[in-house]
Each structure stands twice: as structure tokens, then as C-alpha cells.
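# Analysis of the macromolecular model
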Amino acid sequence: MLLDLRTVTKTYPGTEAPVLRAVSFSVAAGDRLALTGESGSGKSTLLHLIGGLDTADSGVVAIEGSDLTPMHDAGRAALRRGTVGVIFQQFNLIPSLTVAANIAFQARLAGRHDPDRARALALRLGLGDHLHKYPEQLSGGQQQRVAIARTLAPRPKLVLADEPTGNLDEATADRVMDLMCELVAETGAGLIMATHSERLAGRMMRRLHLRSGQLA
């Protein structure tokens, strides 16, 4: 099993109600899972726990059998570099780097930079004429495609996408989703996408719905 969550609970300091309450589910390689729920239901928190950006208070968050919950920061960071890729809603591109350098960034950290793969991803995502540009010179749709290429360049086994098309119009969102799903499927990676969109959720293989921190 690629990902296995068992009775995961999370409460933020200064609050009484848990953000996540005993959440359990599994994801296999090649799965495409939509994570739906209202704002505040715990979707982003759950992705942060799976991506090692935060830690659970209790329960197991295991990726390929390794539980992230007791890991130190360095161990979780190493897992993000080598196994898990995250696509953020706000893109999180590095403004001082060109498109080409942004795409290569994560792969270099993982020790897996392949110039041919990086260029092939750029071409597939319609970025071939923009490699010399900087993020501020791109449209929102182009920046999101750079973020997708950066995440997929090191060939992660699990891709987490937090509202990856939330800043895009519907037509652009559909094109970006088509490309992302196609590229993820080619590597056999698992994909978990948090989304408010019923239309986009319906394109995943299965769906989990969070309500007040619990799977409904």
C-alpha cells in the first residue's frame, strides 16, 4: 500500500475541537482520489499531514510502510524530496528563478534532475517558449503548469494537490486537470486532490468527503 492512514487525529494549539477526528483510509499506487468538503472541514490539514508539512497528534500516517508521525523534521523533509510531491493552490514558485530553474528545483533537491525529462514536461505542458521567463511574466494558468512540472519532475510516487485549479477559470482548470491526470497516470503515481469542485471531483477514481474533521 502506498499510503495508509489509521485513526489520525489533529488539534491545533489554542483550540478545543479537533480539526481531524480518527480519519482512516488507504491509497494504492495509481489511485486517483478526490478529497471534498466545506472550507474548514480539514482537507488542507490532512494533505499537510500526508506531505509531512505537519504532524498528527495521534494515529498512523504511513507512506510505503514508514510512519511519518514519530519522524523528526529532517526525516519528513527527506520523504517529501524523494517520495511525495505537493502542488499548492498558490503555486509557490520562486520569483527569482526562471521557469526552467523552477521546474528543475525539486528534482535537484531529490538528486534526480534529468534535463531531458524536465524539457519534455515543459513541452507537454505548453511551456517550451517560456523557459527563460520569470513567474511574474506568466499568466495564472501558465504558473500552475510550471508548478505541476516542478512537482512531477522528480517522479514522486504520491502527488498531493490542494485546490490545484482554484485560481483558474473553468476552461483553463479543465485543461490543467487533463494534463495533470495524464502525466500522473504515466508514472503510476497515486494522486490525492482536495477540491471544492464537484465537476473535478467526479473525474477522480473515487472520492472521500470530510465533514467537521471526519469522513462522512
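Anything mentioned here points back to the structure above.
Residues numbered from 1 in each chain as written. Predicted model: local features only at pLDDT ≥ 70, side-chain atom pairs only at ≥ 80, totals over all residues. Heavy atoms only, no water.

## Details of the packing of helix α3 (residues 99–109) against helix α5 (residues 140–152)
Axes are the key here: two packed helices are described by the angle between their axes and the distance separating the axes. Selection criterion: Lines fitted to C-alpha atoms define the axes, with helix axes restricted to the stretch in contact, and inter-axis angles between N-to-C directions lie between 0 and 180 degrees. Each helix is a run of DSSP H or I of at least 4 residues and each strand a run of E of at least 2, with the numbering of both proceeding from the N terminus. Each crossing gets its handedness from the near helix: less than a right angle anticlockwise from the far helix is left-handed, clockwise is right-handed. Pairs of residues are marked as contacts when any of their non-hydrogen atoms sit within 4.5 Å. Amino acids are sorted into nonpolar (Ala, Val, Leu, Ile, Met, Phe, Trp, Tyr, Cys and Pro), charged (Asp, Glu, Lys and Arg) and polar (every other residue, Gly among them).
One can describe the packing of α3 onto α5 by two numbers: an axis separation of 6 Å at closest approach and a directional angle of 35°. For α3 against α5, the interelement crossing comes out right-handed. From α3, Val 99, Asn 102, Ile 103 and Gln 106 reach across to α5, where they touch Val 146, Ala 149 and Arg 150. Here the contact of α3 with α5 is built from residues that sort into four nonpolar, two polar and one charged.

## Some remarks on the pairing of strand β3 (residues 32–36)
Consecutive side chains of a regular strand alternate in pointing toward one face of the sheet and then the other. Quick note on the threshold: A 1.4 Å probe rolled over the protein chains alone gives each residue an accessible area, and that area as a share of the maximum for its type sets the label: buried under 20%, exposed over 50%, partly exposed in between. Note on pairing: DSSP must find at least two bridges between two strands before they are called paired.
In terms of burial, β3 is largely enclosed, as four of its five residues are buried. Pairing of β3 with strand β9 (residues 206–211), which is carried by four bridges, proceeds in the parallel orientation. Pairing of Leu 35 across the sheet is with Leu 208, part of β9.

## Considerations on the sheet that holds strand β10 (residues 214–215)
One open sheet holds the six strands; their spatial order is β6-β7-β8-β3-β9-β10, and the pairing between them is mixed. The sheet is open, and its two edges are formed by β6 (84–87) and β10, each paired on a single side. One ladder, built from four bridges, connects β6 with strand β7 (residues 158–162); its direction is parallel. Bridge pairing in β7 places Val 86 opposite Leu 160. Most of the contacts of α5 go to β6, to which it runs at about 175°, and overall it touches β6 and β7.

## A short note on the nonpolar core
The condition that has to hold: To qualify as a nonpolar core, a set must consist of buried Ala, Val, Leu, Ile, Met, Phe, Trp, Tyr and Cys residues joined through side-chain atoms within 4.5 Å.
Judged by nonpolar contacts, the single largest core of 36 residues is most densely connected at Ile 103, Met 180 and Leu 191. The set of elements that each furnish at least two residues to this core consists of α3, α4 (115–124), α5, β7, α6 (170–187), β8 (190–194) and α7 (198–201). With seven residues, the single largest contributor to this core is α6. Every residue in contact with Ile 103, bar those within four places of it in the chain, is listed here: Ala 118, Ala 122, Leu 127, Leu 131, Val 146, Ala 149, Arg 150 and Ala 153. If you look at the next biggest cluster of nonpolar residues, it comprises 27 residues, including Val 23, Leu 47, Val 61 and Val 86.

## A short note on α4
For clarity, the cut-off: For this quantity, the arc is that covered by the directions from the helix axis to the C-beta atoms. N or O atoms within 3.5 Å of each other form a polar contact, as long as, within protein, one can give a hydrogen and the other can take it, and as long as residues adjacent in sequence are counted only when both atoms are side-chain atoms.
Burial in α4 covers these residues: Arg 117, Ala 118, Leu 121 and Ala 122. Projected down its long axis, α4 carries its buried residues within an arc of 135°, all on one side. In α4, those exposed residues whose orientation departs by more than 90 degrees from the buried face are Pro 115, Asp 116 and Leu 123. Capping of α4 at its N-terminal end is provided by Asp 114; its side-chain oxygen lies 3.0 Å from the backbone amide nitrogen of Asp 116. Positive phi appears at Gly 126, one or two residues downstream of α4, with a value of about 70°.

## A short note on the sheet that holds strand β1 (residues 3–10)
Strands pair in a sheet through their backbones, by hydrogen bonds, and they do so in one of two ways: parallel or antiparallel. Ordered in space as β2-β1-β4-β5, the four strands form an open sheet in which the pairing is antiparallel. At either margin of the open sheet sits one strand with a lone partner, and together these are β2 (20–27) and β5 (66–67). Here five bridges tie β1 to β2, and the two strands are oriented antiparallel to one another. From the neighbouring strand, Leu 5 faces β2, where its bridge partner is Phe 25.

## A closer look at the pattern of salt bridges
Cut-off, in case you're wondering: Here a salt bridge means any side-chain nitrogen of Lys or Arg lying within 4 Å of a carboxyl oxygen belonging to Asp or Glu.
One pass over the structure, following the stated rule, counts 12 salt bridges. Across the pair Arg 124 and Glu 186 runs a salt bridge, and its minimum N-O distance is 2.7 Å. Linking Arg 124 in helix α4 with Glu 186 in helix α6, this pair joins segments that are 62 residues apart in sequence. You can call Arg 124 partly exposed: its relative accessible area is 36%. With a shortest N-O distance of 2.6 Å, Arg 207 and Glu 198 are connected by a salt bridge. With a relative accessible area of 38%, Arg 207 lands in the partly exposed category. A single salt-bridge network, built from bridges that share partners, covers Glu 170, Asp 174, Asp 178, Arg 199 and Arg 203.

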